[in-house]
Amino acid sequence: MSPPVKIIGHYASPYSHRVEMALQLKGVPYELIQEDLSNKSELLLAKNPVHKKVPVLLHGDLAICESLVIVEYIDEAFDGPSILPADPYDRAMARFWTNFIDTKFSQPIWLAYWSEGEAQKAVVKETKENLALLEAQLNGKRFFGGDTPGYLDIAACMLGPWIGVLEEVTGVTLVNGNEFPALCQWAKEYSSSEALEPCHPDRDRLVAYFTENKEKYKMMAKTMLQQ
Amino acid sequence: MAGGDDLKLLGMWASPFVLRVKLALSLKGLSYEYVEEDLRDKSELLVKSNPVHKKVPVLIHNGKPVSESLIILQCIDEAFAGTGPSLLPADPYERAIARFWAAYIDDKMLPALNQSAMGKTEEERAEGKQQSLVTVETLEGALRDCGKGKPFFGGDSAGYVDVVLGGLLGWVRASDELHGVKPFDPERTPLLAAWSERFGALEAVEPVMPDVSRLVEFGKMLKARLAAPPAAGASN
């Protein structure tokens, strides 16, 4: 029998969600351990001593950290449909855009939702430029990966459930159907995907989480933009 | 060299990211055409090949461009799997560990080293120095625990993490003269200090390394440019 698979994660974290999506797409059963990020468990600190962050994948005795490293591990360690494409150049392109999401895209869009006033204008502009690049990557496909979700779809998961929640809680609209029709369609495909349905986050729970943390995030964004 | 494969590397002589790609190509015994870019006057080919970031390195393989050093390394490893040694190990878990440390070097160690050298204020540079110590010591731990007494992060021979870290070696060597700091201090981080000598002496590595005195001059010029307002807005 193959060793048990567990995720140390958090329901509000898109990074944690990436790991769930990957296991779901591979057909690997897993247990999700919800971490209290305000009071980190000994398990988390032991399994991710370097970063002390979620997600962490536990596969038997092995611990793997960093969401995209985990997703590539899942693709290689388990049988099932491939998450990354087969061709080295296509793999490089998928990795390029996931890297783009993590290094260029994530911070500005987060700041765009949580900031206000003059400071917000610059990050909104940057975010829309980034969104346009991702919109172009869809290029008429259902998913970034083609007919079925792949590596970049997993990496881009915040553009699915999280965007709707953030726009509701903050009142800021960024990913609108006029400017980004392909991304909006992608979000619909994502939420109606049977393959991903079992790990879809609970929308109400996400709304409650971000509402509860609204003032904290607004303060953080203000501080970051002042630097 | 694999038949019919056309490799062109767009680079800049002082870039540690470009050096990583040169190291990988050298370790695998692959031939390529090298194009030196003037980063203040970027070529059409560079801008066309990397429209999103407009940065080096870019590796163009049979006309298809790949950007971002870590992505290029993995692409080389996968596209030329039969040529020369593999950069990444075969086992999925060991591959994950290698990717983890490569990400750590780029996400945590490099920004700290940069800040310690190029931080705009004394406080920023001091904070960078402090962070650099922490990250370098963590990496020393990685070499000790994951390396398990072997000469390289990759085991008996140089691999992915060795190349990722190796790209920084030119600047690491220049750092003593430039900033009065030895990032891989033999007293604090003996394993890393020994590793840098060993890696630097490899037959495939030594000829590819940039000239340290030239890096020192370049570093001095960058520092002067930073100190003299207004900055020319030169991007790297």
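The coordinates are above.
I will try to describe carefully the structure that is included in this document. What you see is a predicted model, and the numbers here were worked out from it, not measured in a lab.

Definitions and cut-offs
- Each chain has its residues counted from 1, following the order in which its sequence is written.
- Throughout, the order in which chains and ligands are written sets their labels, letters from A for the former and numbers from 1 for the latter.
- Owing to the predicted nature of the model, reporting of local features is limited to residues with pLDDT of at least 70; listing and counting of side-chain atom pairs is limited to 80 or more, with chain, interface and lining totals taken over all residues.
- Remark: hydrogens and water are excluded; side-chain values derive from all non-hydrogen atoms of the structure.
- A run of H or I in DSSP becomes a helix once it reaches four residues, and a run of E becomes a strand once it reaches two; helices and strands are each numbered from the N terminus.
- This radius of gyration counts C-alpha atoms alone. The globule rule is 2.2 Å times how many residues there are, raised to the power 0.38.
- Throughout, exposure labels follow a simple rule: accessible area from a 1.4 Å probe, protein chains only, divided by the maximum for the residue type, with under 20% read as buried, over 50% as exposed, and the rest as partly exposed.
- We call two residues contacting when some pair of their heavy atoms lies within 4.5 Å.
- Note on areas: Shrake-Rupley with a 1.4 Å probe; residue coverage comes only from the protein chains shown.
- Counting rule for charge: Lys and Arg are taken as positive, Asp and Glu as negative, and neither His nor the chain ends is counted.
- Lysine's charge is taken at NZ, arginine's at CZ, aspartate's at CG and glutamate's at CD.
- Note on pairing: two strands pair once DSSP finds at least 2 bridges between them.
- For every element, the axis is a line fit to its C-alpha atoms; helices are fit only across the contacting stretch, and the angle between N-to-C directions ranges from 0 to 180 degrees.
- Cysteine sulfur pairs qualify as disulfides if the two atoms are within 2.5 Å.
- Patch construction takes residues with relative accessible area above 30% that form no salt bridge. Like charges are linked within 9 Å, and nonpolar side chains (Val, Leu, Ile, Met, Phe, Trp, Tyr) are linked within 5 Å.
- Each salt bridge in this description consists of a side-chain nitrogen of Lys or Arg and a carboxyl oxygen of Asp or Glu lying within 4 Å of one another.
- Angular relationships are summarised with four words: roughly parallel below 35 degrees, roughly antiparallel beyond 145, roughly perpendicular across 65 to 115, and oblique for the angles in between.
- We call Asp, Glu, Lys and Arg charged. Ala, Val, Leu, Ile, Met, Phe, Trp, Tyr, Cys and Pro are nonpolar, and the rest, Gly among them, are polar.
- Accessible area that two parts lose when put together, with a 1.4 Å probe and added across both, is what the buried area reports.
- Polar contact is the term for a pair of N or O atoms within 3.5 Å; when the atoms are in protein, one must be able to donate a hydrogen and the other to accept it, and sequence-neighboring residues count only if both atoms are side-chain atoms.
- Crossing handedness is defined as follows: a turn of the near helix away from the far one that is anticlockwise and smaller than a right angle gives a left-handed crossing, while the clockwise case is right-handed.
- For the purposes of this section, nonpolar cores are sets of buried Ala, Val, Leu, Ile, Met, Phe, Trp, Tyr and Cys residues that join through side-chain atoms within 4.5 Å.

Moving on: the overall build of chain B. Scanning chain B from N- to C-terminus turns up 9 helices and 4 strands. Element order for chain B, N to C, with α for helix and β for strand: β-α-β-α-β-β-α-α-α-α-α-α-α. A compact globule built from 236 residues would reach a C-alpha radius of gyration of about 18 Å, and chain B, at 18 Å, matches this within 12%. For chain B, the residues scored as buried account for 48% of the 236 residues in total. In chain B, of all internal contacts separated by at least 6 residues, the share reaching a separation of at least 24 is 67%. Accessible area for chain B stands at about 11200 Å²; split by element, carbon and sulfur atoms hold 52% of it. Across chain B, the 27 positively charged side chains and the 33 negatively charged ones have centroids separated by 3 Å.

Residue and element names in this part refer to chain A. The 4 strands lie next to each other as β2-β1-β3-β4, forming an open sheet whose pairing is mixed. Looking at which strands have only one partner, the edges of the open sheet turn out to be β2 (31-34) and β4 (62-65). Neighbour-to-neighbour, the strand axes of the sheet open up by a mean angle of 20°, direction not taken into account. In this sheet, β4 lies alongside strand β3 (residues 56-59) in antiparallel orientation, the contact comprising 4 bridges. Each residue of the ladder has a partner; that of Leu58, found in β4, is Ala63.

Moving on to unusual backbone geometry. Among all residues save glycine, negative phi is the norm, and among peptide bonds the norm is trans. Backbone torsion omega between A:Val54 and A:Pro55 reads 0°, so that peptide bond is classified as cis. Examined against the element boundaries, A:Pro55 turns out to sit in the loop between α2 (42-47) and β3. With an omega of 0°, the peptide bond running from B:Val56 to B:Pro57 counts as cis. Note on placement: B:Pro57 falls in the loop between α2 (44-49) and β3 (58-61).

This part is about the environment of A:Pro198. As for its placement among the helices and strands, A:Pro198 is situated in the loop between α8 (181-191) and α9 (203-212). Between the C-alpha atom of A:Pro198 and that of A:Phe143, which follows or precedes it by 55 residues, the distance is 18 Å.

Okay, the sheet that holds strand β4 (residues 64-67) of chain B next. Residues and elements named next belong to chain B. Pairing in this open sheet of 4 strands is mixed, and the strands run β2-β1-β3-β4 from one edge to the other. The sheet is open, and its two edges are formed by β2 (33-36) and β4, each paired on a single side. Each neighbouring strand pair of the sheet contributes to a mean axis angle of 20°, computed without reference to strand direction. Strand direction decides the pairing type here: strand β1 (residues 7-11) and β2, joined by 4 bridges, are parallel. By the bridge assignment, Gly11 is partnered in β2 with Glu36. Along the sheet, helix α3 (residues 69-79) makes contact with β3 and β4, crossing β4 at roughly 130°.

Turning our eyes to something else, we now look at the state of the cysteines. Evaluation of the coordinates by the stated rule reveals 0 disulfides over all chains. Cysteine A:Cys199 shares no disulfide, and the gap to the nearest cysteine sulfur, in A:Cys157, comes to 9.0 Å.

Moving on, we get to the pairing of β4(B). Residues and elements named next belong to chain B. Of the strand pairs in this sheet, β3 and β4 are connected by 4 bridges, and their pairing is antiparallel. The partner of Leu59 across the bridge, within β4, is Val66. What sits between the antiparallel neighbours β3 and β4 is a turn of 2 residues, in which Asn62 has the positive phi angle 50°.

As a further point, take a positive patch on the surface. Together, A:Lys40, A:Lys52, A:Lys53 and B:Lys108 make up a region of like positive charge exposed at the surface. Of note, A:Lys52 is situated in the loop between α2 and β3.

The next thing to look at is α3(B). In terms of burial, α3(B) is a largely internal element, 9 of the 11 residues being buried. All buried positions along α3(B) are accounted for by B:Ser69, B:Leu70, B:Ile71, B:Ile72, B:Leu73, B:Gln74, B:Cys75, B:Ile76 and B:Asp77.

Our focus in this paragraph is the pattern of salt bridges. Applying the stated criterion across every chain, the model contains 23 salt bridges over all chains. Between B:Arg144 and B:Asp145 there is a salt bridge, with its nearest N and O atoms 3.7 Å apart.

Once that is clear, we can look at the packing of helix α1 (residues 14-26) of chain A against helix α3 (residues 67-77) of chain A. When two helices pack together, their arrangement is captured by the angle between the axes and the distance separating the axes. Residue and element names in this part refer to chain A. Contact geometry of α1 with α3 gives a least axis separation of 9 Å together with a crossing angle of 10°. Our classification of the angle between α1 and α3 gives roughly parallel. For the pair α1 and α3, contact is made by Tyr15, Arg18, Val19, Ala22, Leu23 and Lys26 and by Ser67, Leu68, Ile70, Val71, Ile74 and Asp75, respectively. Taken together, the residues that form the contact of α1 with α3 break down as 8 nonpolar, 1 polar and 3 charged.

Opposite the 24 residues of chain A that make contact, chain B presents 23 residues. Both faces combined, the contact of chain A with chain B buries some 2100 Å², and carbon together with sulfur accounts for 70% of it. Run the count over chain A and chain B and you get 5 salt bridges. Connecting chain A to chain B are 6 residue pairs in polar contact (both at pLDDT 80 or more). Elements supplying a minimum of two residues to the side of chain A that touches chain B: β4, α3 and α4 (88-114) of chain A. Of all the elements, α4(A) adds the most residues to the side of chain A that touches chain B, at 11 residues. By residue class, the composition of the side of chain A that touches chain B is 16 nonpolar, 2 polar and 6 charged.

All names here are of chain A. For the pair helix α5 (residues 117-138) and α8, the least separation of the axes is 8 Å and the interaxial angle reads 70°. By the criterion of interaxial angle, the relationship of α5 to α8 is roughly perpendicular. Relative to α8, the crossing made by α5 is left-handed. Between α5 and α8, the contacting residues are Leu131, Leu134, Glu135 and Leu138 on the first element and Pro181, Ala182, Leu183 and Trp186 on the second. Of the residues contributing to the contact of α5 with α8, the split by class is 7 nonpolar, no polar and 1 charged.

This part takes up the nonpolar core. One finds A:Leu57, A:Leu159, A:Phe210 and B:Leu165 to be the most contacted residues of the largest nonpolar core, which totals 141 residues. The element best represented in this core is α4(A), accounting for 13 residues. Sequence-distant contacts of B:Leu165, that is, excluding residues within four places in its chain, are made with B:Ile105, B:Met109, B:Leu139, B:Phe153, B:Phe184, B:Leu192 and B:Trp195.

Quick look at the side chain of A:Asp153 now. Residue and element names in this part refer to chain A. Tracing the backbone shows Asp153 in helix α6 (residues 151-155). As a buried residue without a salt bridge, Asp153 has its nearest oppositely charged side chain in Lys141, at a separation of 7.6 Å. Asp153 has contacts with Met21, Phe143, Phe144, Gly145, Thr148 and Trp186, leaving out every residue within four places of it along the chain.

By themselves, these figures tell us nothing about what the structure is for.
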